[in-house]
Amino acid sequence: MTTQKRRRSWAEPFKIKMVELVHMTTKEEREKAIQEAGFNTFLLKSKDVYIDLLTDSGTSAMSDRQWAGMMRGDEAYAGSENFYHLEEAIRKYYGYKYIVPTHQGRGAEHIISQIMIKSGDIIPGNMYFTTTKLHQELAGGTFKDIIIDEAHDPDNEHPFKGNVDIEKLEKLIKDYGPDKIPYVSIATAVNMAGGQPISMQNLQEIRHLAHNYGIPIIHDMTRVAENAYFIKTREQGYQNKSIAAIIREICDLTDGATMSAKKDALVNIGGFLALNDEKLFDKARNMVVIYEGLHTYGGMAGRDMEALAIGISESVDEDHIRARVGQVQYLGNKLIDMGIPLVKPIGGHGVFLDAKKILPHLSQDVFPAQTLAAEIYLDSGVRCMERGVVSAGRNKESGEHNYPKLELVRVTIPRRVYTQAHMDVVSESIEEVYLKRNSIKGLAMVYEPEYLRFFQARFDRI
Ligand SMILES: *Cc1c(COP(=O)(O)O)cnc(C)c1O
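Calculation criteria
Residues numbered from 1 in each chain as written. Predicted model: local features only at pLDDT ≥ 70, side-chain atom pairs only at ≥ 80, totals over all residues. Heavy atoms only, no water. Near = heavy atom within 4 Å. Polar contact = N/O pair within 3.5 Å; in protein donor to acceptor, adjacent residues only side chain to side chain. Areas by Shrake-Rupley, 256 points an atom, 1.4 Å probe, with all protein chains shown as cover. Helix = DSSP H or I, 4+ residues; strand = E, 2+ residues; numbered from the N terminus. Nonpolar A, V, L, I, M, F, W, Y, C, P; charged D, E, K, R; others polar. Phe/Tyr/Trp six-rings, centres within 6.5 Å; stacked < 30°, edge-to-face > 60°. Buried < 20%, exposed > 50% of the residue type's maximum accessible area, 1.4 Å probe, protein only. Domains from an automatic or database assignment. Buried area = accessible area lost by both parts, 1.4 Å probe. Salt bridge = Lys/Arg side-chain N within 4 Å of Asp/Glu carboxyl O. Expected span 1.5 Å × (residues − 1).

*Asks:* How should I be thinking about the site of the ligand in this particular structure?
*Replies:* Taken together, 14 residues surround the ligand, and among them Arg106, Asp220, Arg223, Ser260 and Lys263 come closest. Residue Arg223 places a side-chain N or O atom 2.8 Å away from an oxygen atom belonging to the ligand. Relative to its unbound accessible area of 380 Å², the ligand is 95% covered by the protein chains. Sorting elements by how many residues they give to the shell around the ligand places helix α5 (residues 105-116) first, with three residues. Its residues placed into classes, the shell around the ligand shows one nonpolar, seven polar and six charged.

Take a look at the structure:
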């Protein structure tokens, strides 16, 4: 603690060894590019982007140690040495007993959904995530949101907006009966709420309630390290515990986990399913060979598993996580000082702009967040993404748009990639767009794919 107090800044605990040159564009080039992309930042070419804050998924910079690990890839079809390193890292840092590697997070979500969910089941969770919910639905289940109401209010400064409303959970269990609930789906650092953490106390309460009814907890641990940092800095009794110890405590309260290793675990591709129950593990291991690959690689190359094993150990480092979240807070605080409406408190992996407040003259039918993301790109070549009505998709029964309370633009920061000066440019560009907000008009959707429409939908100016 004393050494931490003496340190002044969140500055990065690394130096730059190699650089990647980026392309600077003119306004005309950007206008052409965004039109060709149908005003969907997912459809922009990376070469047309200056600062890429589309996502923190798979966009992290690996360390020299991870790159050295890549050279030690054992590309055997079966029983790769790197798989055992990965298994060891997961057992050591997360404590889960059995692991099934997958190509990325949704591969694990697919398997867990197929082996645990029956048609007609209910899956309670602390706010939906796009791929998680879709896999639950494809398996015949229905997702029910049990996050606290505060999470839907961008101005509410609750320190743990990822918490579950225990009464909502209990009511669901009573209404449907525990037999209809195969597991409770709990995410750490809830992505769709703006990277908001769940507290240890809340997790303990969920565990107590769920286990009383014999219902297991499956942990979406994609951003568990960022969540642990918030517990350390905000929850009483955790200030002197290490990030590694807090992560372990979180995992120990749950029965299994899906992981997109492309986020906190500092690799460009990979994921896994982790379980404590041997019977379930057996089913999962049998299923992985159908969809992902043999159970000792699950869609990952040996070198990728090695980089992941090393990435996991780096992700629990105190200085790393302090700088990572510190950079996000730096950008967020700058935007707050500029008067830009955003989700508070600032989250762990990005800043979420409140498009409803920035563009109050636009109804959700003309996609304010989609519009705002396109305008920011046009202004500076900074790419961010929509998290609002487009991402929320349509109601399964009525076919109408789902109209989420939160209509956000996610400005997501890759780990260890950009500098403080880049963050300054980002904030200046967002301010520029904010200043001319009254002249901004909405978009019309001209092409809509059936699943996860935000990835490929196309729009036009109205
Ligand atoms: C990214 C993500 C996933 C899905 O993982 P992929 O690696 O993209 O397949 C699941 N849950 C959360 C919270 C995520 O952020």
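Next comes the rest of the account.
*Asks:* What is the right way to look at the packing of aromatic side chains in this model?
*Replies:* How two aromatic rings sit relative to each other is set out by the distance from centre to centre and by the angle between their planes. One pass over the full model with this rule turns up 10 aromatic pairs. When the centroid spacing of 4.2 Å and the interplanar angle of 40° are considered together, the rings of Phe454 and Phe455 count as tilted. Of the residues examined, Phe455 reaches a relative accessible area of 25% and is grouped as partly exposed. Among the aromatic side chains, those forming a connected cluster through ring pairs are Phe42, Phe454 and Phe455.

*Asks:* I would appreciate a short explanation of the domain arrangement of the chain in the present structure.
*Replies:* Split by domain assignment, the chain resolves into domain 1 (27-56 + 318-461) and domain 2 (64-315). Spacing between the C-alpha centres of domain 1 and domain 2 amounts to 26 Å. Taken together, the two surfaces of domain 1 and domain 2 that pack against each other cover about 2900 Å², and 55% of this comes from carbon and sulfur. A per-residue breakdown of the area domain 1 buries against domain 2 is headed by Ile321, Pro345 and Leu406, which together make up 18% of the total.

*Asks:* For this particular structure, what's the right way to read the pattern of salt bridges?
*Replies:* For side chains of opposite charge, pairing can occur when their charged atoms come near one another. With the rule as written, the count across this model stands at 29 salt bridges. Put simply, Glu137 and Lys133 hold a salt bridge, and the shortest N to O gap is 3.8 Å. Placement of the pair is Glu137 and Lys133 together in helix α6 (residues 130-138), with a separation of four residues, close to one helical turn. Residue classification places Glu137 among the partly exposed positions, given a relative accessible area of 23%. Ionic pairing is found between Lys436 and Glu375, a salt bridge with its closest N-O pair at 3.5 Å.

*Asks:* What should I look at first to understand helix α15 (residues 368-380) in this one?
*Replies:* Helical geometry note: an α-helix holds 3.6 residues per turn, so side chains three or four residues apart project in the same direction. Along its 13 residues, α15 runs 19 Å from first to last C-alpha, staying within 8% of the 18 Å computed at 1.5 Å per residue. In terms of residue burial, α15 counts as a mostly covered element, since 13 of its 13 residues are buried. Positioned one or two residues after α15, Gly381 has a phi angle of 80°, which is positive.

*Asks:* What is the right way to look at unusual backbone geometry in this model?
*Replies:* Apart from glycine, the bulk of residues carry a negative phi angle, and the bulk of peptide bonds sit in the trans form. Across the junction of Lys344 and Pro345, the peptide omega takes the value -5°, indicating a cis bond. Tracing the sequence through the fold places Pro345 in the loop between α13 (318-337) and β9 (350-354). Phi at Leu266 is positive, roughly 65°, even though this residue is not glycine. With respect to the element layout, Leu266 can be found in the loop between β7 (256-260) and β8 (271-275). Despite not being glycine, Leu452 has its phi angle at roughly 40°, a positive value. Residue placement: Leu452 occurs in the loop between β13 (443-447) and β14 (458-461). For Leu452, a relative accessible area of 21% puts it in the partly exposed group.

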